[in-house]
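Summary of structural features
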Amino acid sequence: MAAPLNQPLGPQNPGASGAPGPQLGPGGNQQQQQQQLGLAQQQQDFDPVQRYRMLIPQLKESLQNLMKIAALNLAQNTNIDNGQKIGDGSVQRFDKSLEEFYALCDQLELCLRLAYECLSQSYDSAKHSPTLVPTATKPDAVQTESLPYTQYLSMIKSQISCAKDIHNALLECSKKIMLKTPTTQGAL
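Residues numbered from 1 in each chain as written. Predicted model: local features only at pLDDT ≥ 70, side-chain atom pairs only at ≥ 80, totals over all residues. Heavy atoms only, no water.

Let's shift gears to the side chain of serine 97. Tracing the backbone through its elements, the reader meets serine 97 in helix α5 (residues 94–128). You can call serine 97 buried: its relative accessible area is 4%. If we skip the residues at most four places from it in the chain, serine 97 touches Ser62, Asn65, Leu66 and Ile69. (Helix = DSSP H or I, 4+ residues; strand = E, 2+ residues; numbered from the N terminus. Buried < 20%, exposed > 50% of the residue type's maximum accessible area, 1.4 Å probe, protein only. Contact = heavy atoms within 4.5 Å.)

Have a look at this one:
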């Protein structure tokens, strides 16, 4: 997918191509389009669901290619087994197309796992901090249910305090358990 972005789009360097000045405009336009494609590609790579949607047609095409190669190989092997003379037409390798299919399946699995992790984190975030804090970059988009920053800080401090209390209680419990258990090391 990233291969087209790395390939040159033609002579864009005026010194290397020797092209006159008026032809630089379309090259600049192509460069802008390439940058826009690069940004769109980064956004799609960041979103696992969008990447999944993009990979599905590739997976279908890979499966069709795999089945076609398997059928051609099967037909060729059947002709060889029957002793029929066959042309020396090169048949594509089945293992290469199978490897491509599995690689796409692995990419789809990673996309689904990443999407699941993002969803889990979103649920946990909504559960433990149900109201949002307005961001400094968008102060005019303040939601009615968002917390002011000072209230958010107090909520976080209370969560930290609760976590410390639980930690201390577990430490005390473990110390009490250690004191009550008889030492059996001497008996062994």
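More follows now that the structure is in view.
By size, the foremost hydrophobic cluster in this structure holds seven residues: Leu55, Leu59, Leu66, Phe101, Leu104, Leu108 and Cys111. Every element with two or more residues in this core is listed here: α4 (48–81) and α5. Ranked by the residues each element gives to this core, the list is headed by α5, at four residues. In contact with leucine 66, not counting residues within four places along its chain, are Phe94, Ser97, Leu98 and Phe101. (Core = buried A, V, L, I, M, F, W, Y, C linked by side-chain atoms within 4.5 Å.)

The next point concerns the packing of α4 against α5. With their axes 9 Å apart at the nearest point, α4 and α5 run at an angle of 160 degrees to one another. Here α5 runs roughly antiparallel to α4, going by the angle between their axes. Judged by the twist between their axes, the crossing of α4 over α5 is left-handed. Across the contact of α4 with α5, the residue classes break down as 20 nonpolar, six polar and two charged. (Axes fitted to C-alpha atoms, helices over the stretch in contact; angles between N-to-C directions. Parallel < 35°, antiparallel > 145°, perpendicular 65-115°, else oblique. Left-handed = near helix turned anticlockwise from the far one by under 90°. Nonpolar A, V, L, I, M, F, W, Y, C, P; charged D, E, K, R; others polar.)

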